[in-house]
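Each chain, letter by letter, is given below.
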Amino acid sequence: MSEESGAGPRAARVLVVDDQTVVREGIVMLLGLLPGIEVVGSAADGLEAVRLVGEHAPDVVLMDLRMPRCDGVEATRRIRARYPATQVVVLTTFGDDDSLFPALQAGARGYLTKDAGGEEIVRAIEDVRSGEAGLSPRIQRRLLERLSAAGSPPDAGEPAAREAADGRRSSGVLPDGLTAREAEVLTLVAEGLSNAEIARRLHVSTATVKTHINNLFAKTGVRDRAQAVRYAFHHGIARPPGPSR
């Protein structure tokens, strides 16, 4: 988080977007009670959201999806195109694929469902401000399931492909100049662990984990954790999870 001179971390400036008045006002009230959050405005639809982002330059927009006039996906696309310094965290009732993937493709960096608590919302806001993805654990699992089904090489189910992946894994030959530690961090990212969880697992600081992630992102050319997971599966650095039971 950026800091003002002598004042400590600057509060995250947040715009709340939801077409239901009682829900919108409830979210604004909740955020007003949370540390490190400054609500700069609220909007009832996507068109108003885009206009208010232009006026207030919030750090983060908490975006509902299904709204009149302009829905959350289109509003996210316009905000990310016109105001790239503003990040979008979807906060919606819907966690299905038809809602999740269009929102992420439009540029949302976070995705929460409305059963999220205040602590989870704050964490997502902090994550997207620092350049990470702010995804709830359930959404991370859904992405992993989807990527394991669709993100592997076309022939990944064949013995030769599996043997090649196993060979890369056991030989220590890593793609794109990744170090063994960076590959280890990437494996844990593919397992859905947060930076704090990776730090505890590896007995290092969160700052060290962020450095490894920034380095491996730069080397592999991926832009976010979802792409990193796809890369890990594709190159045999991590194994896709088995079928859900």
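Details of the structure are given in the entry above.
All values reported here derive from a predicted model rather than from experimental measurement.

(A) Structural view of the sheet that holds strand β4 (residues 37–43). One open sheet accounts for six strands, arranged β4-β3-β5-β6-β7-β8; its pairing is parallel. Sheet topology places β4 and β8 (134–135) at the edges, where each strand pairs with a single neighbour. Direction of pairing for strand β3 (residues 12–17) relative to strand β5 (residues 60–63): parallel, over a ladder of four bridges. Among the inter-strand pairings, Leu15 is bridged to a residue of β5, identified as Val61. The strands touched by helix α1 (residues 21–32) within the sheet are β3, β4, β5 and β6 (87–92), with β4 carrying the most contacts at an inclination of about 165°.

(B) The arrangement of the pattern of salt bridges in detail. Per the stated rule, a full pass over the model turns up 14 salt bridges. Asp59 is the salt-bridge partner of Arg129, the closest N and O atoms lying 3.9 Å from each other. Of this pair, Arg129 sits in helix α5 (residues 118–129) while Asp59 sits in the loop between α2 (46–56) and β5; the two residues are 70 residues apart in sequence, bridging distant segments of the chain. Using a relative accessible area of 14% as the deciding quantity, one classes Asp59 as buried.

(C) Here's a closer look at the side chain of Thr220. Locating Thr220 in the fold gives a position in helix α10 (residues 206–220). One polar contact links the side chain of Thr220 to the main-chain carbonyl oxygen of Leu216, over a distance of 2.7 Å. Thr220 has contacts with Asp176, Leu178 and Tyr231, leaving out every residue within four places of it along the chain.

Criteria and cut-off values
Residues numbered from 1 in each chain as written. Predicted model: local features only at pLDDT ≥ 70, side-chain atom pairs only at ≥ 80, totals over all residues. Heavy atoms only, no water. Pairing = 2+ DSSP bridges. Helix = DSSP H or I, 4+ residues; strand = E, 2+ residues; numbered from the N terminus. Contact = heavy atoms within 4.5 Å. Axes fitted to C-alpha atoms, helices over the stretch in contact; angles between N-to-C directions. Salt bridge = Lys/Arg side-chain N within 4 Å of Asp/Glu carboxyl O. Buried < 20%, exposed > 50% of the residue type's maximum accessible area, 1.4 Å probe, protein only. Polar contact = N/O pair within 3.5 Å; in protein donor to acceptor, adjacent residues only side chain to side chain.

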